[in-house]
Amino acid sequence: MRVLVTGGAGFIGSRVVAHLLDGGAEVRVLDRLDPGVHAVAPEVDSRAELMVGDVTDPAVVAAAVAAVDAVSHQAAKVGLGVDFGDVGAYVAANDVGTASLLTALWSRRFRGRLVLASSMVVYGEGRSRCPRHGLVSPAPRLPADMEAGSFDPPCPFTGCTARLEVAAVAEDTPADPLNVYAATKLHQEHLCRLWGREAGAATVALRYHNVYGPGMPRDTPYAGVAAIFRSALAAGQAPQVFEDGGQTRDFVHVDDVARANVLALTVPSATGAYNVASGTPHTVLDMAEALAAAMSEGTAGPGAGPRPVVTGRWRPGDVRHVVASPQRAADELGFTATVSFEQGMAELATAATRGLARG
Ligand code: UD1
């Protein structure tokens, strides 16, 4: 099998490339090696063919899709960004990039499999259980409530003040993108699905939960929380935990995510959206504590490093709890995560992180 991996030099893409190559696939990487993402030029696996270029460039992408049997579309602008002013950049990289890839596949009359890197952010505030109203999609959080230190989203039923219990989102949970990045991920999913329908090709959207592990990007407004905390601790600073630290996320190791990608590319019946998650959620404060403990262990002894600080600050566009059901991926892809939270955090404490001087 010959696979094109767009964004194959990135944090997740590079692990997808390595897993594909280890499994005997031939791999072509298309990556623009964006200096804003790669402070230091990344090393692309020498077993892969590297094409340096932008997925939004029709000539580049036409050459990239030539003679491949399957496509793994990882190239994207990720993260929450700075503010709404980033909208043009997200739309250009994610929506226009996907449209350009799909145009090239359409022109080639490609009928192979397309796997898209999507995200759990398409679910917005996810699902919760209200003791009075049952399973609900929580209402959006109001700035005034967050200012007052009330961070949990309310029940959507007017006047209901019951405390909601977080429920695991399955793939049929209605999408509700609450920031620009989330909106572009959902639009990418729609475009890929429409192409697949017209072309008669199988498409899969992998909804990654919070991916972490060796090779994470450095601390930027576009980096995930594990990378930000890792960078802070490496610089001897306390991780700044937003809200009250009770936000829930599912942290999933990058090698597990890469395995899910290989399965999505190779299991013949794989189609539609799949959560890619560990199935074991943790709060952001838990993660900060675990990483701080693991990093101080490696240096001056347990408890010696800075401890996380809960700041009460909050970011517009952040969601509160996103907890996934990994069931569909288990049943249909045969995917279950293998790296435990404890193992993964211990490894992250000492692993190299892109753009940092030292691991
Ligand atoms: C993250 C990724 C998103 C990806 C998704 C699924 C980023 C910015 N977001 O979304 O691209 O699609 O996982 O893989 O890469 N927080 C702190 N302190 C900080 C930074 C963040 O407490 O310094 C908190 C945030 O308020 C939030 C949580 O950590 O509650 C997670 O934040 P983050 O990793 O940025 O974004 P996600 O929405 O989880």
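We now turn to the structure provided with this report.

Conventions adopted
Residues numbered from 1 in each chain as written. Predicted model: local features only at pLDDT ≥ 70, side-chain atom pairs only at ≥ 80, totals over all residues. Heavy atoms only, no water. Near = heavy atom within 4 Å. Polar contact = N/O pair within 3.5 Å; in protein donor to acceptor, adjacent residues only side chain to side chain. Areas by Shrake-Rupley, 256 points an atom, 1.4 Å probe, with all protein chains shown as cover. Helix = DSSP H or I, 4+ residues; strand = E, 2+ residues; numbered from the N terminus. Nonpolar A, V, L, I, M, F, W, Y, C, P; charged D, E, K, R; others polar. Buried < 20%, exposed > 50% of the residue type's maximum accessible area, 1.4 Å probe, protein only. Arc of directions from axis to C-beta. Contact = heavy atoms within 4.5 Å. Pairing = 2+ DSSP bridges. Axes fitted to C-alpha atoms, helices over the stretch in contact; angles between N-to-C directions. Parallel < 35°, antiparallel > 145°, perpendicular 65-115°, else oblique. Left-handed = near helix turned anticlockwise from the far one by under 90°. Phe/Tyr/Trp six-rings, centres within 6.5 Å; stacked < 30°, edge-to-face > 60°. Lys NZ or Arg CZ within 6 Å of the ring centre and 35° of its normal.

**Quick word on the site of the ligand**
- With respect to spatial proximity, 23 residues lie near the ligand, and among them Ser119, His209, Asn210, Arg249 and Asp318 are the closest.
- The backbone of Val225 places a nitrogen or oxygen atom 2.8 Å from an oxygen atom of the ligand.
- A distance of 2.8 Å separates a nitrogen atom of the ligand from a polar backbone atom of Gln240.
- Burial of the ligand by the protein chains amounts to 93% of its free accessible area of 730 Å².
- With 3 residues, the single largest contributor to the shell around the ligand is helix H6 (residues 225-234).
- Grouping the amino acids of the shell around the ligand by side-chain chemistry returns 13 nonpolar, 7 polar and 3 charged.

**With respect to helix H10 (residues 341-350)**
- When H10 is considered as a whole, its buried residues turn out to be Phe341, Gly344, Met345, Leu348 and Ala349. Buried residues along H10 cover an arc of 140° about the axis, so they all sit on one side. Exposed positions of H10 whose direction lies more than 90 degrees from the buried face are Glu342 and Thr350.
- Buried residues along H10 sit against strand S10 (210-212), H6, strand S13 (251-253), strand S15 (282-283) and helix H8 (284-297).

**Focus: the sheet that holds strand S2 (residues 26-31)**
- With respect to topology, 7 strands assemble into an open sheet ordered S3-S2-S1-S4-S5-S9-S14, the strand pairing being parallel. Edge positions in the sheet fall to strand S3 (49-52) and strand S14 (272-276), since each has one partner strand and no second. For this sheet, the mean inter-axis angle between neighbouring strands, taken without regard to orientation, is 20°.
- The sheet contact formed by strand S5 (residues 113-119) and strand S9 (residues 203-208) spans 6 bridges and is parallel. Looking across to S9, one finds that Val115 is bridged to Val204.
- In this fold helix H3 (residues 87-107) packs onto strand S1 (2-6), strand S4 (70-73) and S5, with an angle of close to 175° to the strand it touches most, S4.

**Details of the environment of Val204**
- Mapped onto the elements, Val204 comes out in strand S9.
- Judged by relative accessible area, Val204 falls into the buried class, the value being 2%.

**A closer look at the packing of H8 against H10**
- Between H8 and H10, whose axes approach to 8 Å, the crossing angle comes to 50°. Taken together, the axes of H8 and H10 lie oblique to each other. The two elements H8 and H10 cross, and the hand of that crossing is right-handed. Between H8 and H10, the residues in contact are Asp286, Met287, Ala290, Leu291, Ala294 and Met295 and Phe341, Met345, Ala346, Leu348 and Ala349, respectively.
- Looking at the contact of H8 with H10 residue by residue, the class counts come to 10 nonpolar, no polar and 1 charged.

**Quick word on unusual backbone geometry**
- Within the chain, Ala67 stands out as a residue other than glycine whose phi angle is a positive 60°.
- Residue position: Ala67 is located in the loop between helix H2 (58-65) and S4.
- Residues other than glycine seldom take positive phi values, yet Glu243 does so here, at roughly 55°.
- Turning to its location among the elements, Glu243 is positioned in the loop between strand S11 (240-241) and strand S12 (248-249).
- Note on Glu243: relative accessible area 2%, which makes it buried.

**Some points on the packing of aromatic side chains**
- Taken as a whole and judged by the stated rule, the model has 3 aromatic pairs.
- Where Tyr90 meets Tyr181, the ring centres are 6.0 Å apart and the plane angle is 65°; that geometry is what we call edge-to-face. On the criterion of sequence distance, the pair formed by Tyr90 in helix H3 and Tyr181 in helix H5 (residues 180-199) is long-range, its members being 91 residues apart. In terms of burial, Tyr90 and Tyr181 fall into one category: buried.
- For Lys77, the ring lying beneath its charged end belongs to Tyr90, and the centroid distance is 5.4 Å.

**Section: the sheet that holds strand S7 (residues 134-136)**
- With antiparallel pairing, the 3 strands of this open sheet are ordered in space as S7-S6-S8. The two strands at the open ends of the sheet, each matched to only one other strand, are S7 and strand S8 (165-167). Between one strand axis and the next, the sheet turns through 35° on average, direction left out of account.
- In this structure, strand S6 (residues 127-130) lies alongside S8, joined through 3 bridges in antiparallel fashion. Looking across to S8, one finds that Ser128 is bridged to Val166.

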